[in-house]
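Fold and geometry: a report
Chain by chain, the residues:
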Amino acid sequence: MTTHSRNETLLEVESISLSFGGVHALSDVSFDIRKGEVRSIIGPNGAGKSSMLNVINGFYHPQEGSITYQGKRRAQMKPHEAALGGIARTFQNIALFRGMSTLDNIMTGRNTKMSKGLFWQALHFGPAKREEIENREFVEHVIDFLEIQTIRKTPVGRLPYGLQKRVELGRALAAEPTLLLLDEPMAGMNLEEKEDMSRFILETNEEFGTTIALIEHDMGVVMDISDRVVVLDYGRKIAEGTPEEVRANQNVIDAYLGVSHD
Amino acid sequence: MFYRENGQFKSSYSSDQAIFPIAQDRAFVIGILLVAFCGVPFFINEYWANAILIPLLVYALAGLGLNILTGYCGQVSLGTGAFMAVGAYASFKLVGFFPEVNYLILIFVSGLVTAAVGVVFGLPSLRIKGFYLAVATLAAQFFLIWLFNKVGWFYDHSPTGMITVRPIDFFGVRVTGPEATPAAKYLFTLTIIATLTLTAKNIVRGRVGRSWMAIRDMDIAAELIGIKPLQAKLSAFAVSSFYIGVAGALYFGVYLGSVEPLEAFDINQSFYVLFIIIIGGLGSILGAFLGAAFIVLLPILMKNLMVGGFGVASGTAGHVEILLLGALIIFFLIVEPHGLARLWQIAKEKLRLWPFPH
Amino acid sequence: MAFDLFLLEVVISGLMTGVMYSLVALGFVLIFKASGVFNFAQGVLALFAALALYDFLAEDGWFFAVFGFTLPVWLAIPATALIMIFLAWVIERAVLRFLVKQEEIILFMATIGLAFVLEGLGDLLFGSDVKPLDIGIPQGASDLLLDNFNLYVEKLEIVAAATAAVLVTALAIFFQKTRVGRALRAVADDHQAALSVGISLNKIWVIVWSVSGIVALVAGIMWGSKSGVQFSLSLIALKALPVLILGGFTSVPGAIVGGLIIGVGEKLAEVYVGPLVGGAIENWFAYVLALGFLLFRPQGLFGERIIERV
């Protein structure tokens, strides 16, 4: 758990509704994320958690509601705006670039920090090379932090699942995000891997002050590392608060146990 | 064990990022370049230049261009033939308008013209993907060839519809037309290809190349981490078309000397270049060269073997060639979809331990 | 009145050509629907089928050389159909089963390779000169229409249209009502699921490619009767692409409608716009039309909307 010095809001979603055809993925969901906190989003499968992240990211555009990020309010986010605004994320089903190595994948995370155009790239010697080396240095810090030095040059397609998830986290971290969205970062991991991943997430939050929004199914992890929790079920918010408050909430217990609501 | 990379430690990111980080590779490539630049011109003759080396280099360049677009950026294109035509006709008209200007500059400008055309025909890629994009490039292919055939201005209203290259001197040395020596044509072509290969390698290992590969591998994720699809795709089209345009200009000016659009730049040409990068290896600079060598040498081998060796009629040899080409494509796609370049890599890996295999 | 008639003739001519395109596109749709493969070799299959048919019928072919007699039309056509089925089996064994797990672009390029193989083979076996194909389809203009309505329409094209109609109906019934047809649709939806209910993927592919081969045979017969059996038949594959774009890659009625639209569009463009720019617009018009379409409706008229998920 972390103590944050400021309670200011970094991101606020208000009355977000999202549907695909007839399917209501999200209905009237509102919550906020405070700067520097670890905010978990939990709920049974299909509750709309990933959709919520996609809305924050700008990949899905909600039919109703608004998103306020860093003080600016919008009806929808554009992916590029999100990226430039310091929002980075990992994906439920790992969206790494399979044809590239670990190093190259993480380097793509630096894309928004690099700007030398085609001409300098073609020449290589000069500004492009300097920029490349500067960013390489930062990426190497990330690689050290995540302890993945040995797989630097390995094509990611060949890595085991757990390491791929770590590389994906690396790519997100390389962007020096203000807000980090993690979609089930521990899915499919064993205990040891989960402990490592929890450690990385906590260190990112404590050392760099990165705000984190986290979707996770493992209640133990959620209880341990979250500051606050939001619970979604069938696209609606059914509870929020500190981990203890949420755990004791009857609605939440019913949702997970499958008691039907009228 | 002579090919071990053990003991070769990199002490800076700069050396780690070098094109040939392993010393043996560096030596090998320098060796080849020395032979190519300093050795070959002394031994080259008409046949070797015109039938083997120059087409190999020109096709390798076209393959490089297409590989940038299709192999690195994942945008399928069947319009290579037409873009080569743009480069060829651009160089033809430019030489006509500015006969005093250095040929190299005019070729460069032809490349730029082709890049512009490529960007225009690449715009649909922002909405269309995969096969559908291939169809859009077919539109470019058929339309442009029709254009070059119909509009007399392109071929200076010559009654045959063909364009023939003017004799051009490059710093006093004749490089086009029947008077040019094989060595001159070869060196001119080689210099251009060598420079452009280096440039391609530089672009591909840097930020732009990575953004291309990101779009290829997972364009949605790429967009979400801040890579702009517009910039990435159009830059791929632009660079790719530039290379293909230059290849077309050389194909016309130095290699063939005169062309007629329906034959030299038709859809079959697009397929040939596509085959080059499939066989050579998608997403590999080396692959373009290996594939081009394959495509250029195969018919020659066939002709020599069948016509010379077995006395088969040349028409039949042509049919067998087509059959063999198709069969080899299928073979490569089944056995090694990453082409000759991957096979080369595997061979090198085996060499690491030779003569002590694991 | 005369102008209207001319327009009508152009439209009908376009429709007829469109039907021919549809025949080839049908073969594509079948294979794509059931295996997700875009079979670039479809046009060459039509050519190959026509060449084989010619060989059975003519006295300068292999069949005659080996057996000393030629087959009558009613035997030759089924014989050729058998050849196409055999070919489908060979393709499945030698090519398809090795490429099951690859991405579609690899499969597409494999079919390009296949097209080259079949073309080379066809040339080697049967020679590359143009062959007339006469299986008894009446030639010349329809007297009925000419006398009564002053319309010039070729009998051959009417037969082609009728054949296409029959084929589409037969295929529709096949897919909807028969066990094999339903299995094919299952495979198209989900390979894994189909496998888990015991449908053999390999058998399915042989069936699909056979049916496509027979469709190719019909297409080959129509085109061959119209303009002789020649190499350019294989280029029809390229023309089928715009048809599929319009109609969607997975829709049988879409292939028909798409073919008709392309056929009419091309003819109209050629006749009315062509003379303004020197003619031969037919070379590229279909593609530009398809391109325009793609920009506004990437999935075609009947195709399925693709929703991207992350």
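Rules used throughout
Residues numbered from 1 in each chain as written. Chains lettered and ligands numbered in written order. Predicted model: local features only at pLDDT ≥ 70, side-chain atom pairs only at ≥ 80, totals over all residues. Helix = DSSP H or I, 4+ residues; strand = E, 2+ residues; numbered from the N terminus. Contact = placed C-beta atoms within 7 Å. Rg over C-alpha atoms; globule rule 2.2 N^0.38 Å. Buried ≥ 20, exposed ≤ 12 C-beta atoms within 10 Å, placed from the backbone. Axes fitted to C-alpha atoms, helices over the stretch in contact; angles between N-to-C directions. Parallel < 35°, antiparallel > 145°, perpendicular 65-115°, else oblique. Left-handed = near helix turned anticlockwise from the far one by under 90°. Nonpolar A, V, L, I, M, F, W, Y, C, P; charged D, E, K, R; others polar. Domains from an automatic or database assignment. Pairing = 2+ DSSP bridges.

**Considering the overall build of chain C**
Along the backbone of chain C there are 13 helices and zero strands. Scanning chain C from its N terminus toward the C terminus, one meets helices and strands in the order α-α-α-α-α-α-α-α-α-α-α-α-α. Of the contacts made within chain C by residues no fewer than 6 positions apart, 73% connect residues no fewer than 24 positions apart.

**A closer look at the overall build of chain A**
When you go through chain A residue by residue, the secondary structure sums to ten helices and ten strands. At 19 Å, chain A has a C-alpha radius of gyration in line with the 18 Å of a compact globule built from 262 residues. Summarising its shape, the C-alpha atoms of chain A cover approximately 65 × 40 × 40 Å along the three principal directions. The burial tally for chain A puts 45% of its 262 residues in the buried class. Of all intrachain contacts in chain A linking residues separated by at least 6 positions in sequence, the fraction that spans at least 24 positions is 67%.

**With respect to the packing of helix 4 (residues 80-97) of chain B against helix 5 (residues 103-122) of chain B**
Residue and element names in this part refer to chain B. At a minimum axis distance of 8 Å, the contact between helix 4 and helix 5 shows a crossing angle of 135°. With respect to their mutual orientation, helix 4 and helix 5 come out oblique. In the packing of helix 4 onto helix 5, the handedness of the crossing is right-handed. Where helix 4 abuts helix 5, its residues Phe 83, Val 86, Gly 87, Ala 90, Ser 91, Leu 94 and Val 95 lie against Leu 106, Ile 107, Val 109, Ser 110, Gly 111, Val 113, Thr 114, Val 117 and Gly 118. Looking at the contact of helix 4 with helix 5 residue by residue, the classes come out as ten nonpolar, six polar and no charged.

**Observations regarding the interface of chain B and chain C**
With 32 residues of chain B at the interface, the matching set in chain C holds 38 residues. Only helix 6 (130-150), helix 8 (207-224), helix 11 (267-280) and helix 13 (314-335) of chain B provide two or more residues apiece to the side of chain B that touches chain C. It is helix 13 of chain B that contributes the most residues to the side of chain B that touches chain C, twelve residues altogether. Looking at the side of chain B that touches chain C residue by residue, the classes come out as 27 nonpolar, three polar and two charged.

**Examining the domain arrangement of chain A**
Residue and element names in this part refer to chain A. Taken as a whole, chain A is organised into domain 1 (1-86 + 177-194 + 210-262) and domain 2 (96-175). Each of domain 1 and domain 2 was reduced to a C-alpha centroid, and the two centroids are 28 Å apart. Taken together, the contacts link eight residues of domain 1 with seven residues of domain 2. Classifying every residue of the side of domain 1 that touches domain 2 by side-chain character gives six nonpolar, one polar and one charged.

**A closer look at the environment of B:Leu53**
As for its placement among the helices and strands, B:Leu53 is situated in helix 3 (residues 46-72). In this structure the C-alpha to C-alpha distance between B:Leu53 and B:Pro182, which are 129 residues apart in sequence, comes to 10.0 Å.

**Describing the sheet that holds strand 3 (residues 38-42) of chain A**
All names here are of chain A. What the six strands build is an open sheet, ordered 6-7-8-3-9-10; its pairing is mixed. If you trace the sheet from one side to the other, it starts and ends with strand 6 (87-89) and strand 10 (236-241), each paired once. Strand after strand, the sheet turns through a mean of 20° between neighbouring axes, direction not considered. By the bridge criterion, four bridges tie strand 3 to strand 9 (residues 228-233) in an arrangement that is parallel. Paired with Ser 40 across the bridge in strand 9 is Val 229.

**Some remarks on the sheet that holds strand 4 (residues 64-69) of chain A**
Strand pairing in a sheet relies on backbone hydrogen bonds. The paired strands run either parallel or antiparallel. Residue and element names in this part refer to chain A. The sheet built from four strands is open, its strands ordered 2-1-4-5 with antiparallel pairing. The sheet terminates laterally at strand 2 (23-34) and strand 5 (72-74), the two strands that pair on one side only. Pairs of neighbouring strands in the sheet enclose a mean axial angle of 15°, with direction left out of account. Helix 1 (residues 49-57) contacts strand 1 (9-20), strand 2 and strand 4 of the sheet and is inclined by roughly 115° relative to strand 1.

**Notes on the pairing of strand 4 of chain A**
Residue and element names in this part refer to chain A. Two strands pair when backbone bridges link them, and strand 1 and strand 4 are joined in this way by five bridges, in the antiparallel orientation. Paired with Glu 12 across the strands is Thr 68, a residue of strand 4. Both strand 4 and strand 5 contribute to a ladder of three bridges, which runs antiparallel. Looking at strand 5, one finds that Tyr 69 is bridged to Lys 72. Hairpin geometry of strand 4 and strand 5 is characterised by an intervening segment of two residues between the two adjacent antiparallel strands and by a positive phi of about 50° at Gln 70.

**What about unusual backbone geometry?**
All names here are of chain A. Phi at Asp 28 is positive, roughly 50°, even though this residue is not glycine. Note that Asp 28 resides in strand 2. The exposure class assigned to Asp 28 is partly exposed, which follows from the 14 C-beta atoms found within 10 Å. Positive phi, close to 50°, is recorded for Gln 70, a residue that is not glycine. Within the fold, Gln 70 resides in the loop between strand 4 and strand 5. A tally of 13 C-beta atoms within 10 Å means that Gln 70 is categorised as partly exposed.

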